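Structural features, examined
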Amino acid sequence: MAEAATDVLVIGGGPAGSSIATLLARRGHQVTLLERQRHPRFHIGESLLPANLPLLAQLGVADQVHAIGMPKLGAEFISHIDGREQDFRFAEAWDKSMPYAYHVRRSQFDEILLRNAAAVGARVIEGCRARTVQLPAPGNTDQDVRVQAECDDGSTPSWRARYLIDASGRDTFLANNLGAKRRNRRHNSAALFAHFSGGQRHEGERAGHISIYWFEHGWLWFIPLHDGVTSVGAVVWPHYLKSRTTPVKEFFLATIAQCPPLARRLERATLTTEVEATGNYSYSATHSHGNGYLLLGDAYAFIDPVFSTGVMLAMISAFAGADAVDACLRTPQRAGAALRAFDRTMRHGPRQFSWFIYRVTQPTMRELFLAPRNLLRMKEALLSVLAGDIFGATPIWKSLRAFKMTYGAFATLRPFRTLESMRRRRLDIRAS
């Protein structure tokens, strides 16, 4: 089969890949997107953030997403010890202009984004998995990237591209090929998840809240979708998942039973999907770009889904990546500055969220989340983080520093509890 040529080859048809394909096709570049599966297909990660909405509007899909979305006005965090809970509303964040988001079935949401890319001129090929890649020699800006794929029909097409975008998600195609994927030893975790029907929902404005339940081995989520289905999952320490001696379904249900407030909401619920489990949950690549390629979204890094950041960070990376690739292809003299700006964006999100994610299961952080105070506008700044509002001009940073100092002070006041929690996490990490 003859080698085809394209300006940009995108690997992966999730939110990152479809978004950058749309943006670059609109700018007049010839874009080819390879997606290993066929849409619609199941994917976890159904909860969007308010910061997603302006991006959806720019892509031209806001109305379509609204039609499939469950309005999400906020989030609630529930203690596994005494059932205490705290209700957060996005309307109370620093920037009051982003008061809501959506929960979506990813099968529908991802297909909307993929079809949108095709509608604006990107060539979308489903059922086609990238198998091998040949990158330009270091410093050789005139050499193209070469990729060979394998399709469902048995064909093995190949492409020559001026630029390669890895948006392969947790497949981490390029990071694996380059030996650049690093396990996150500081926050390694595993997950189990499934969909239920008949889960007990809140009424009124809280009907679409995402519920986060702390429990002994990590945390659990409850995400209500618009068609009555509920996504439920558990993010747990690896040693706990390794302790499983029963089938994964029974183990998952037994895990839910350890959190009575969640178990009560699922007493009359029925599983509607198979229970899935995944390990090696947290990782990052050593770099976000190289000669002739970029890594986007989960293909670059994934930490933890507790704040529902995955889709938002994927789409942010696509917008930043589109600017960088466009500059590299049109004005090579600007390539260095454009790629440095892209790299700053890629590192900024995981770095800002990581501080909270690494501590979210600590007793001190639970106490602060369950009894937030707006002294020095700390609560508004925290809500801005939960809304994903960390890339714009919202001036939250002094208040966030004050929150972090408060956390440190409270942790110091309870040294034995803090040290014991840290000791247990170190044991969890060693066991993994």
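Report follows, based on the coordinates. (Residues numbered from 1 in each chain as written. Predicted model: local features only at pLDDT ≥ 70, side-chain atom pairs only at ≥ 80, totals over all residues. Heavy atoms only, no water.)

Moving on: the overall build of the chain. Within the chain, the secondary structure is distributed over 14 helices and 21 strands. In terms of overall size, the chain behaves like a compact globule, its C-alpha atoms giving a radius of gyration of 22 Å where 432 residues would be expected to give roughly 22 Å. For the C-alpha atoms alone, the extent of the chain along its principal axes is close to 65 × 45 × 45 Å. Here the chain holds 432 residues, and 57% of them are scored as buried. Intrachain contacts of the chain at a sequence separation of at least 6 include 74% that bridge at least 24 residues. (Helix = DSSP H or I, 4+ residues; strand = E, 2+ residues; numbered from the N terminus. Rg over C-alpha atoms; globule rule 2.2 N^0.38 Å. Buried < 20%, exposed > 50% of the residue type's maximum accessible area, 1.4 Å probe, protein only. Contact = heavy atoms within 4.5 Å.)

Within the open sheet, the three strands sit side by side as S11-S18-S21. Their pairing is antiparallel. Here the strands that pair on one side only, and so sit at the sheet edges, are strand S11 (181-183) and strand S21 (301-302). In the sheet, strand S18 (residues 283-285) pairs with S21 via two bridges, with the strands oriented antiparallel. Its bridge partner being in S21, Tyr 283 is matched across the sheet by Phe 302. (Pairing = 2+ DSSP bridges.)

The next thing to look at is the packing of aromatic side chains. Under the defined criterion, the tally for this structure stands at 17 aromatic pairs. Each ring, one from Phe 77 and one from Phe 88, has its centre 5.7 Å from the other, and the planes form 85°; the classification is edge-to-face. One end of the pair, Phe 77, is in strand S4 (residues 74-78); the other, Phe 88, is in strand S5 (residues 85-89), and eleven residues separate them in sequence. There is no split in this pair, since Phe 77 and Phe 88 are both buried. Between Phe 307 and Phe 356, the ring centres sit 6.5 Å apart and the planes meet at 75°, which makes this aromatic pair edge-to-face. (Phe/Tyr/Trp six-rings, centres within 6.5 Å; stacked < 30°, edge-to-face > 60°.)

Attention shifts here to the pattern of salt bridges. Here the structure, examined in full by the defined rule, presents 26 salt bridges. The partner of Arg 27 in a salt bridge is Asp 323, and the shortest N-O contact between them spans 2.7 Å. Placement of the pair is Arg 27 in the loop between helix H1 (15-26) and strand S2 (31-35) and Asp 323 in helix H9 (residues 310-330), with a sequence separation of 296 residues. Owing to a relative accessible area of 32%, Arg 27 belongs among the partly exposed residues under this scheme. Notably, a salt bridge pairs Glu 205 with Arg 89, separated by 2.8 Å at the nearest N-O pair. Placement of the pair is Glu 205 in the loop between strand S12 (190-197) and strand S13 (210-215) and Arg 89 in strand S5, with a sequence separation of 116 residues. (Salt bridge = Lys/Arg side-chain N within 4 Å of Asp/Glu carboxyl O.)

Another point: the nonpolar core. Phe 109 and Phe 307 are the most contacted members of the largest nonpolar core, which totals 122 residues. The biggest single contributor to this core is H9, with 15 residues. Discounting residues that sit within four places of it in the chain, Phe 307 has contacts with Leu 49, Phe 77, Phe 353, Phe 356, Ile 357, Val 360, Phe 369 and Leu 386. (Core = buried A, V, L, I, M, F, W, Y, C linked by side-chain atoms within 4.5 Å.)

Between His 39 and the following residue, Pro 40, the backbone shows a cis peptide bond with an omega angle of 0°. Its location among the elements puts Pro 40 in the loop between S2 and helix H2 (52-59). A positive phi angle, near 60°, is found at Arg 377, a position not held by glycine. Along the chain, the position of Arg 377 falls in the loop between helix H11 (363-370) and helix H12 (378-386). Residue class for Arg 377 comes out partly exposed when judged on its relative accessible area of 34%.

In contact at an axis separation of 10 Å, H2 and H9 are set at 45° when each is read in the N-to-C sense. Our classification of the angle between H2 and H9 gives oblique. For the element pair H2 and H9, the recorded crossing hand is left-handed. Contacts from Asn 52, Leu 55, Leu 56, Gln 58 and Leu 59 of H2 reach H9 at Val 311, Met 312, Met 315, Ile 316 and Phe 319. Its residues assigned to classes, the contact of H2 with H9 comprises eight nonpolar, two polar and no charged. (Axes fitted to C-alpha atoms, helices over the stretch in contact; angles between N-to-C directions. Parallel < 35°, antiparallel > 145°, perpendicular 65-115°, else oblique. Left-handed = near helix turned anticlockwise from the far one by under 90°. Nonpolar A, V, L, I, M, F, W, Y, C, P; charged D, E, K, R; others polar.)

Moving on, we get to helix H13 (residues 397-413). Over its 17 residues, H13 extends 24 Å from the first C-alpha to the last, a length consistent with the 24 Å expected when each residue adds 1.5 Å. Ser 399, Leu 400, Ala 402, Phe 403, Tyr 407 and Ala 411 are the residues of H13 that are buried. (Expected span 1.5 Å × (residues − 1).)

Packing of H9 against helix H10 (residues 335-357) leaves a shortest axis separation of 8 Å and a crossing angle of 170°. By the criterion of interaxial angle, the relationship of H9 to H10 is roughly antiparallel. Counting all contacts with H9, which are made through Met 312, Leu 313, Ile 316, Ser 317, Ala 320, Gly 321, Ala 324, Ala 327 and Cys 328, the residues of H10 involved are Ala 335, Ala 338, Leu 339, Phe 342, Thr 345, Met 346, Gly 349 and Phe 353.

This next bit is on the environment of Pro 136. By secondary structure assignment, the location of Pro 136 is in the loop between strand S8 (128-134) and strand S9 (145-151). Judged by relative accessible area, which is 9%, Pro 136 ranks as buried. For the pair Pro 136 and Arg 146, spaced ten residues apart in sequence, the C-alpha separation works out to 8.5 Å. Once residues within four sequence positions are removed from consideration, Pro 136 is found in contact with Gln 143, Asp 144, Val 145 and Asn 291.

Any functional reading would require information beyond the geometric quantities listed.
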